[in-house]
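Summary of structural features
Letter by letter, the chains look like this.
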Amino acid sequence: MAYNRCFSARSPLARNLATLPLSSLMPHKTVLLSTNCPLFFFILQNPDNFKKLDALRLLPLSANKTAPLDIHAFFLLSRILRNYLVPLPQVEQEVAARLEGVQNKTVIGMHIRCGNPLSDFKDQSSFLSIKEISVFHRCKEGLTKNDAAIVVASDSTKAKSMISNYNPSLPVLFLDRKSSHTMTRYFSRVAYQSLFDAFVEMELLSRSTVLIGTQRSSFSLCAAALKGSLPLLVRRGSKSCTIPSSITFGWLPC
């Protein structure tokens with residue numbers, strides 16, 4: 001499947017996913033995917049696919065007949081990631097090392113996806129302005145009054161510094177080098193270290209007690225899916241964080 005070709009519900013890939021059985025699209029046991037497509041959302045639009053995935057017990061919300069497809073799609077992603085994704089030992093070791101000393105604390109995970117112009121790399125998209133970074137801090141203030149630690153993953157060094165400055169008395173854990181995007185039109189090849197760092201950060205966020213992410217960020221949604229619960233999200237122009245009533249995968253409103 002081609003990367004970044006499925007944000008439109010009218011795209012050929014989206015139509016095929018929604019109307020054809022999975023067996024015809026993925027006839028082999030091993031399938032390689034490279035896409036930002038809201039994959040499971042379209043797959044579940046096909047009633048036969050829904051029934052088969054339900055029979056495989058991959059739909060945790062199948063008993064809830066009123067749940068919208070985008071929520072089903074999120075928890076399908078969660079079930080698959082939590083049951084079938086096996087991190088490399090070196091990833092687990094790095095995650096354990098970074099969390100050492102905060103095991104008994106409430107851990108607030110923050111994924112602050114800024115995009116252009118605050119990101120450390122040239123980006124195609126804009127997610128948050130500098131004003132919304134303080135929203136993450138205010139959201140955290142309402143979540144815990146006990147001893148806490150904060151894990152920050154962000155494409156912006158400035159955002160990490162701001163959260164650290166907001167919380168001088170708390171442990172604030174973050175990668176202390178500039179971020180790089182794992183896949184954009186500007187990079188045809190990605191360094192192993194970038195992929196390793198990104199996956200470690202996703203795993204760290206998934207271990208948090210509470211996760212605050214960024215609206216429209218697939219990284220935030222994947223971290224939340226690994227955690228197994230819907231995240232609190234901050235969107236551009238918002239003054240608070242909320243659990244979404246619907247899930248937006250990338251640019252596509254579901």
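To keep things clear, this report deals only with the structure shown in the data block. (Residues numbered from 1 in each chain as written. Predicted model: local features only at pLDDT ≥ 70, side-chain atom pairs only at ≥ 80, totals over all residues. Heavy atoms only, no water.)

The next thing to look at is the nonpolar core. Counting 44 residues, the largest nonpolar core has Leu17, Phe40, Leu44, Leu53, Phe74, Leu76 and Leu205 as its most contacted members. Taken together, the elements giving at least two residues each to this core come down to helix H1 (12-19), helix H3 (39-43), helix H4 (47-55), helix H5 (69-84), helix H6 (89-99), strand E2 (148-154), helix H9 (192-206) and helix H10 (218-227). Of the residues forming this core, the biggest block, 7 residues, is contributed by H5. Among residues more than four places away in sequence, those in contact with Leu44 are Phe50, Leu53, Leu59, Leu69, His72, Ala73 and Leu76. (Core = buried A, V, L, I, M, F, W, Y, C linked by side-chain atoms within 4.5 Å. Buried < 20%, exposed > 50% of the residue type's maximum accessible area, 1.4 Å probe, protein only. Helix = DSSP H or I, 4+ residues; strand = E, 2+ residues; numbered from the N terminus. Contact = heavy atoms within 4.5 Å.)

A separate point is the environment of Gly213. Along the polypeptide, Gly213 turns up in strand E4 (residues 210-214). Spatially, the C-alpha atom of Gly213 lies 31 Å from that of Leu22, the residues being 191 residues apart in sequence. Non-local contacts of Gly213, meaning those with residues more than four positions away in its chain, are made with His111, Phe136, Ser220, Leu232, Leu233 and Val234.

This paragraph deals with helix H8 (residues 157-166). Along H8, the positions that sit buried rather than exposed are Ala159, Lys160, Met162 and Ile163. Along the axis of H8, the buried residues cluster in a sector spanning 160°; they form a single face. Packing partners of the buried residues in H8 comprise strand E1 (106-112), helix H7 (130-141), E2, strand E3 (172-173) and H9. Between the side-chain oxygen at the start of H8 and the backbone nitrogen of Lys158 there is a gap of 3.3 Å, and the oxygen is on Ser156. (Arc of directions from axis to C-beta. Polar contact = N/O pair within 3.5 Å; in protein donor to acceptor, adjacent residues only side chain to side chain.)

We now examine the packing of H9 against H10. Packing of H9 against H10 brings their axes to within 8 Å, and their N-to-C directions diverge by 50°. Classified by the interaxial angle, the pair formed by H9 and H10 is oblique. Crossing geometry of H9 relative to H10 is assigned as right-handed. Across the interface between the two elements, Ala198, Glu201, Met202, Glu203, Leu205 and Ser206 of H9 pack against Phe219, Cys222, Ala223, Leu226 and Lys227 of H10. Considering only residue class, the contact of H9 with H10 consists of 7 nonpolar, 1 polar and 3 charged. (Axes fitted to C-alpha atoms, helices over the stretch in contact; angles between N-to-C directions. Parallel < 35°, antiparallel > 145°, perpendicular 65-115°, else oblique. Left-handed = near helix turned anticlockwise from the far one by under 90°. Nonpolar A, V, L, I, M, F, W, Y, C, P; charged D, E, K, R; others polar.)

Right, let's talk about the pairing of E4 for a bit. The element E4 is extensively covered by neighbouring structure, given that 4 of its 5 residues are classed as buried. As judged from the 3 bridges shared by E1 and E4, these two strands associate in the parallel manner. Residue pairing for E4: Met110 is matched across the bridge by Ile212. (Pairing = 2+ DSSP bridges.)

This part is about the pattern of salt bridges. Pairs can form between side chains of opposite charge whenever their charged atoms are close. Tallied over the full model, the rule gives 7 salt bridges. For Arg207, the salt bridge goes to Glu92, with nearest N and O atoms at 2.7 Å. Here the residue Arg207 occupies a position in the loop between H9 and E4, and Glu92 occupies one in helix H6, the gap between them amounting to 115 residues. Taking relative accessible area as the criterion, Arg207 reaches 39% and is therefore assigned partly exposed. One salt bridge connects Arg113 with Asp123, and the closest N-O pair in it is separated by 2.6 Å. Within this pair, whereas Arg113 is found in the loop between E1 and H7, its partner Asp123 is found in the loop between E1 and H7, the two being separated by 10 residues in sequence. In this structure, Arg113 and Asp123 share a single accessibility class: buried. The structure contains a network of salt bridges with shared partners spanning Glu92, Glu203 and Arg207. (Salt bridge = Lys/Arg side-chain N within 4 Å of Asp/Glu carboxyl O.)

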